[in-house]
Amino acid sequence: MTGRSRWWLLSAIAALVVTAATVFGVGEWRSYQALQAAPSSVDVATGPSLSGPRVIFRNTAVGDDYGRVAAVPLDDPGAPRAVSDLECDRVDATSERTVCLRTVRGVITTFEATVYRADGTHESSWPLPGIPSRTRLSESSRLVATTAFVTGHSYVAVGFSTETVVTDTVAGTSANIQEFEFTVDGRRVTSPDRNMWGVTFAADDNTFFATATSGGRTWLVEGDLAARTLVAIKEGAECPSLSPDGSRLAYKKDLDPGADARWAIAVFDLATGDEIVLPGDQSIDDQVEWLDDGTVLYGLPRIDAVGDNDIWAVAANGTSDPVVFIERAMSPAVVREG
Amino acid sequence: MRPQGPGTGAKVSSIVITLGIVSMLTDISSESVSAILPLYITGVIGLSTIAYGFLDGIYQGISAFVRIAAGWASDRGGQPKWVAFFGYGLSAIARVGLLFASGFAALTAVITVDRLGKGIRTAPRDALISASSDAGNLGRSFGTHRMLDTVGAALGPLLAFVILFLIPDGYSTVFVVSLAFALLGVALLGIVVPNIRPAERPAETQPAETQPAAPRFRWKQLTDPRLRRLLVAAGLLGLFTIGDGFIYLLLQTRGAFATQWFPLLYVGTNLTFLALAIPFGRLADRVGRARIFVVGHLALLAAYVVAALPVNGAPLTIACLLLLGVFYAATDGILAALASQFTPPEARATGIAAAQTVVALSRLVASTTFGLLWFLYGSQAAVIGVAVALAIVIPVVAVLLRGPARVRDDA
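Once a new chain begins, its residue numbering starts again from 1 and follows that chain's sequence as written. Chain letters and ligand numbers both follow the written order, the letters beginning at A and the numbers at 1. The predicted origin of the model limits local features to residues at a pLDDT of at least 70 and limits the giving and counting of side-chain atom pairs to 80 or more, whereas totals for whole chains, interfaces and linings rest on all residues.

## Side note on the overall build of chain B
Filter applied, for reference: Put simply, DSSP marks the helices as runs of H or I at least four residues long and the strands as runs of E at least two long, and each gets a number from the N terminus on. Contact between residues is assigned whenever the C-beta positions, reconstructed from backbone atoms, fall within 7 Å.
Within chain B, the secondary structure is distributed over 14 helices and 0 strands. Scanning chain B from its N terminus toward the C terminus, one meets helices and strands in the order α-α-α-α-α-α-α-α-α-α-α-α-α-α. In chain B, once contacts between residues fewer than 6 apart in sequence are set aside, the share between residues at least 24 apart is 87%.

Following this line, the structure appears as structure tokens:
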């Protein structure tokens, strides 16, 4: 090939590649704009924000309300949702507080956690080291747990790790639970690949449950905030959630350990040690929320739409198949009073 | 001392610049994906698994092996361009895979292919840079290449986040754009860059595809004591070179500034790296590459000290990033230049690959050990320990490399 024909060939390839990528990008941008301009694809209530017992969640219905926190009455989850101005990736709420983890998008993308008071005013916020994963408030609203991925710039840097911090809003302190003393069968685990995530609090505002991992194994751990300890109580359970009566834990259980996880929800009785795996076909990757002592809620991606989810409900004793509880929604949080 | 007056006299070859642009395009492609991959994995595929981190060590091992094998194949076949092309091509194919990968296993496979490609292309490409440069301006040539390469690494994430800013769920757009850049890089390399046989003996140079049975490469060509000393020195230093990730984590535990900017700390490092790559390369050509290589590790030592200081704040975080940038500018390209300098042309890709593999493996040991120390003794004690060890090793290495720094370059 002569010098000149080389440049012609290169220019032709470059033109082709750049045109194809541009056409694709512009097409995607247009269809996103069209979706944004469209009214919300679900019924939205107008009027004052909801009070009283309710389920709050992240609205994932395409349209201009996408990603905002919404609420439906606890006794009528099919009612039109009341959408707030708050945009969150993960949300939890009690009658006193709402905690919201969000991605602050931009050319420079950052992440933060914010706590709001019951009236919606800003109470406090702090930066997160990476993508939001889980958040939980204790029933008394005193403790806030946040889990974020610690994301390095490349997939070589540190691999995937999580940072889980428990903040005491009364004492004004916070603790990274990865620094707690972690024991499995009485032996201390100090391996550098330890990771913790997915906290759920007990009623005493000191005991909590979480997930710990090391060397490819995963444990359900019981934590003690004051003593700064984590003790493994069961292997192969992730993202626990304590039932309102404090007697059972619901968590993700990998039915098919290996590279491709297939998670089901299992319910573990703390007194008897019995475990029931709940029915369901799709792999579930969420921290369960208890609707009441007999039912659990979790989010599942919709197969037909990227970035859209439904909240499902299933009986905690495994006697019924899961049903859709709230369409086009994720990160449910049940506010039982107020 | 120097073969040809001030090493700045010779201009950087257009082939080096073209290879730099190839790397830039490829880095835009790969870094745009790496920057958003965590968001994609957690947000769209919906995986919260961290098993990913464990596989990482295995990949690094594979990558090191592949690197040596590719260097050897490149020398033996006399086809550095086409071995590099294969590596770049493999990574471009991995981008196509990204468009269709759904699920963790598929994604892992795609990333593995991408890493293999990276392992394959690096040494033959550096051999091409070395073959198209004068012995007197090797540092400058590698500096120019690394600068362009790092420009790509800085632009990639920016481009990806701009796309996600315009189209919040536009991951497929990022993947398509990434593929486009990868293809541009591969096309530029394939069409424009000539296959320079490092063994520049025209009389014996036949198109290698017709006679691969006449290799000029011998393992014993890698027995230059200066190369051995370089490998030992680089390995020793590598044992105390912990990943930037750890330094960023350390800074992040220290204060809100570093936490808030955590996902972007590497940008500070990269900007310093790209600004200083050429000046340091030129300086290395003038005052001795081994000397600059040692100075770079002094900057790393200073970065450890800054990271270990019990105070926090934006100025210290920024100082630490600057020092890391200096470290990369003074060592990354310089290592390849040093390895080229101590290896005969017909074994050059293997020599460069050997040096890079020694560094990669020793750094892997460093990061693993450091991680262990971190959790046994706490982050601060661990980094102080590594700093002390590095402070002891640097003078040893300086003595070890002193001979070669003064020996004239082979031309």
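On we go.
## Observations concerning the environment of Thr121 of chain A
Positionally, Thr121 of chain A belongs in the loop between β7 (110-117) and β8 (122-128). Thr121 of chain A sits 24 residues away from Arg97 of chain A along the chain, and the two C-alpha atoms are 9.7 Å apart.

## Here we look at the environment of Gly120 of chain A
Residue and element names in this part refer to chain A. Note the following rule: Neighbour density around each residue's C-beta defines its exposure: 20 or more other C-beta atoms within 10 Å make it buried, 12 or fewer make it exposed, and counts between make it partly exposed, where C-beta atoms are placed from the backbone.
Mapped onto the secondary structure, Gly120 falls in the loop between β7 and β8. The class of Gly120 is exposed, set by 11 C-beta atoms lying within 10 Å. For the pair formed by Gly120 and Leu86, sequence separation is 34 residues and the distance between their alpha carbons is 9.1 Å.

## Things to note about the sheet that holds strand β11 (residues 161-168) of chain A
Residue and element names in this part refer to chain A. Defined as follows: What makes two strands pair is DSSP finding at least two bridges between them. An axis is simply a line fitted to the C-alpha atoms; with a helix, the fit covers only the stretch in contact. Between two such axes, the angle follows the N-to-C directions and lies from 0 to 180 degrees.
Reading across from one edge, β9-β10-β11-β12 is the order of the 4 strands in this open sheet, with antiparallel pairing throughout. Looking at the sheet topology across the chains shown, the edges are occupied by β9 (132-137) and β12 (173-176). Mean inter-strand twist for the sheet, computed between neighbouring axes without regard to direction, equals 15 degrees. Direction of pairing for strand β10 (residues 143-150) relative to β11: antiparallel, over a ladder of 8 bridges. The partner of Thr147 across the bridge, within β11, is Thr164.

## Here we look at the packing of helix α5 (residues 138-166) of chain B against helix α12 (residues 314-341) of chain B
Residues and elements named next belong to chain B. What counts, and what does not: In this scheme, roughly parallel covers angles under 35 degrees and roughly antiparallel covers those over 145, while 65 to 115 is roughly perpendicular and the rest are oblique. Helix crossings are classified by the rotation of the near helix relative to the far one: an anticlockwise turn of less than a right angle makes the crossing left-handed, while a clockwise turn makes it right-handed.
Where α5 contacts α12, the two axes come as close as 8 Å, and the packing angle between them is 140 degrees. With respect to each other, α5 and α12 are oriented oblique. Crossing handedness for the pair α5 and α12: right-handed. Where α5 abuts α12, its residues Leu138, Gly139, Phe142, Gly143, His145 and Arg146 lie against Asp332, Gly333, Ile334, Ala336, Ala337, Ser340 and Gln341.

## Points about the pairing of strand β25 (residues 309-315) of chain A
All names here are of chain A. Pairing between strand β24 (residues 295-301) and β25: 7 bridges, direction antiparallel. Bridge pairing in β25 places Leu300 opposite Asp310. Relative to strand β26 (residues 323-326), β25 is paired through 3 bridges, and the arrangement is antiparallel. Opposite Ala313, over in β26, you have Val323 as the bridge partner.

## What about the sheet that holds β24 of chain A?
Sheet strands line up and pair through hydrogen bonds in the backbone, either parallel or antiparallel. All names here are of chain A. Reading across from one edge, β23-β24-β25-β26 is the order of the 4 strands in this open sheet, with antiparallel pairing throughout. The sheet is open, and its two borders are formed by β23 (289-292) and β26, each paired with just one other strand. With direction set aside, neighbouring strand axes in the sheet form an average angle of 45 degrees.

## With respect to the environment of Pro124 of chain B
All names here are of chain B. Looking at the secondary structure, you find Pro124 in helix α4 (residues 104-131). Residue class for Pro124 comes out buried when judged on the 32 C-beta atoms lying within 10 Å of it. Residues contacting Pro124, with those up to four places away along its chain left out, are Ala70, Gly71, Ser74, Pro80, Val83, Ala84 and Ala349.

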